[in-house]
Amino acid sequence: MTRFTLSVLLLVLCFVSGVAQAQVATPKYSNEFLNIGVGARALGMGNVQVAVADDATAGFWNPAGLLQLRNKYNIALMHSELFAGIAKNDFGSFAMPIDSSSALAVSVIRLGVDDIVDTRRLQNEYGYIQYDSIRFFSVADYAMLLSYARKSNLIQGLTLGVNAKIIYRNVGEFANAWGFGFDAGAQLRRGTWQFGVMAKDVTTTFTAWTHNVEALEATYQQTGNDLPESTAELTLPRLVLGVAKNFTFSDKFTGLLATDIDFTFDGKRNVLLKSDFASVDPHVGMELAYANTVFVRGGINNYQQFRNFNGSMSSKVQPNFGVGFENNGLNIDLALSRVSGNDGNTANANGLYSIIISLGYSFN
């Protein structure tokens with residue numbers, strides 16, 4: 001038995017031991033920050049990437065796509081601001097082929113809200129306001145993905161990939177969590193058709209929370225609530241199926257039409273098709289290219305139903321738009337995503353838009 005195998009076994013035993021001592025829950029939206037998406041190309045297409053991911057972001061969308069890297073060294077960076085800049089989503093990745101049959105990538109994700117005001121000490125023991133006692137803290141979620149991909153020796157055009165991910169979540173000085181899990185994916189290319197499958201959290205993902213009781217005790221006593229105990233979340237598997245078709249209109253104009261279908265098994269969600277066993281959330285994206293240099297993208301996702309003030313039901317989808325430029329290994333992509341549509345309230349008719357900027361660079 002190798003040292004690597006022993007290390008993995010010890011890690012698993014430590015987490016299992018911690019889970020056994022804590023309350024275990026399977027919340028519907030556990031580690032949901034990993035489903036927001038990365039890369040302006042993907043977000044501009046409505047998060048449709050499982051069958052088409054072919055750059056350094058493939059470590060996130062489908063590690064099997066790492067076999068499509070066109071250069072030896074590949075870097076991807078993204079910055080996104082959600083809800084008028086309140087939350088910031090950042091991503092970085094490095095990917096490279098090992099040989100003609102395998103590739104690897106390392107990716108890091110951070111979603112955080114910074115500079116949250118802590119006013120618990122604003123009033124001193126004499127009842128006076130002390131503004132210099134105000135503190136600030138951040139709430140942030142982190143993930144590191146280690147990705148590996150390999151070509152199949154049995155089926156031509158088939159590539160396989162796997163992710164090992166480490167999760168760290170932090171709520172200032174009050175609580176933090178560590179977790180780990182695995183993803184597995186595959187891509188198959190047949191002429192102008194591309195197929196993909198991605199099993200996220202395929203073994204379920206464990207996230208163990210610990211709380212700073214000393215920091216929380218005074219606040220919870222004032223509100224009459226019970227102090228939180230150590231808990232462990234289990235993120236249930238999510239299956240994503242993807243298919244895409246490439247079109248050639250002329251020597252310089254090409255197109256791509258793709259769709260992904262998400263299957264979740266953690267309870268009934270507010271999506272297009274839902275049941276107690278599984279919920280089905282389809283999304284569609286397209287990309288038009290000129291000379292493989294200039295790109296225009298669009299997509300629709302996040303179908304939801306909501307109740308109006310008069311009691312009637314309405315539905316909405318999230319539109320996404322994007323443009324991109326590629327030359328000599330440099331990719332510059334911009335996406336605009338409407339994260340809040342018209343909900344029947346005139347004041348919110350314009351919605352909120354998220355701006356996503358990403359850069360990619362690959363070289364030999």
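Keep in mind that this is a model prediction, so the values were computed, not measured. (Residues numbered from 1 in each chain as written. Predicted model: local features only at pLDDT ≥ 70, side-chain atom pairs only at ≥ 80, totals over all residues. Heavy atoms only, no water.)

(A) Local environment of unusual backbone geometry. Although it is not a glycine, Asp 115 sits at a positive phi angle of roughly 55°. Here Asp 115 lies in strand 4 (residues 102-118). Asp 115 sits in the exposed class, given a relative accessible area of 59%. Although it is not a glycine, Asp 201 sits at a positive phi angle of roughly 50°. Locating Asp 201 in the fold gives a position in the loop between strand 8 (193-200) and strand 9 (205-211). According to the relative accessible area criterion, Asp 201 is buried, its value standing at 9%. (Helix = DSSP H or I, 4+ residues; strand = E, 2+ residues; numbered from the N terminus. Buried < 20%, exposed > 50% of the residue type's maximum accessible area, 1.4 Å probe, protein only.)

(B) Region of interest: the nonpolar core. Core analysis: the biggest nonpolar cluster contains 30 residues, and Val 38, Phe 60, Leu 66, Phe 91, Ile 109 and Ala 143 have the highest contact counts within it. The element contributing the most residues to this core is strand 4, with 4 residues. Not counting chain neighbours up to four residues away, the residues in contact with Val 38 comprise Leu 43, Thr 57, Phe 60, Trp 61, Met 78, Phe 91 and Ile 109. If you look at the next biggest cluster of nonpolar residues, it comprises 7 residues, including Met 45, Ala 51, Ala 244 and Ala 258. (Core = buried A, V, L, I, M, F, W, Y, C linked by side-chain atoms within 4.5 Å. Contact = heavy atoms within 4.5 Å.)

(C) Layout of the confidence of the model for the chain. On average, residues of the chain score 87 in pLDDT, and 86% of them are at 70 or above. Ignoring residues within four places in sequence, the model shows residues 1-22, a span with pLDDT below 50, making 12 contacts including any to other chains. Low confidence marks residues 341-350, where pLDDT is under 50. Its contacts with residues over four positions away, or in another chain, come to 14 contacts. (pLDDT = per-residue confidence, 0-100.)

(D) Quick look at the packing of aromatic side chains. Under the definition given, this model contains 13 aromatic pairs. With a centroid separation of 5.3 Å and an interplanar angle of 40°, the aromatic rings of Tyr 73 and Phe 363 are classed as tilted. Taken together, the residues span a long stretch of sequence, with Tyr 73 in strand 2 (residues 73-82) and Phe 363 in strand 18 (residues 353-363) at a distance of 290 residues. On the accessibility criterion, Tyr 73 (26% relative accessible area) is partly exposed. Residue class for Phe 363 comes out partly exposed when judged on its relative accessible area of 32%. A ring pair is formed by Phe 265 and Phe 277, whose centres lie 5.8 Å apart and whose planes are at 65°; its orientation type is edge-to-face. Taken together, the residues Phe 265 in the loop between strand 12 (253-264) and strand 13 (273-274) and Phe 277 in the loop between strand 13 and strand 14 (279-290) connect sequence positions 12 residues apart. Exposure remark for Phe 265: the relative accessible area of 33% places this residue in the partly exposed category. Members of the aromatic cluster, joined through ring pairs, are Tyr 73, Phe 94, Tyr 361 and Phe 363. (Phe/Tyr/Trp six-rings, centres within 6.5 Å; stacked < 30°, edge-to-face > 60°.)

(E) How the structure looks around the environment of Phe 306. Mapped onto the fold, Phe 306 is located in strand 15 (residues 294-307). In the structure, Phe 306 is positioned 10 residues away from Lys 316 in sequence and 8.1 Å away in space, judged by C-alpha atoms.

(F) Summary view of the pairing of strand 9. With 6 bridges joining them, strand 7 (residues 175-190) and strand 9 adopt antiparallel strand pairing. Its bridge partner lying in strand 9, Ala 175 is registered against His 211. (Pairing = 2+ DSSP bridges.)

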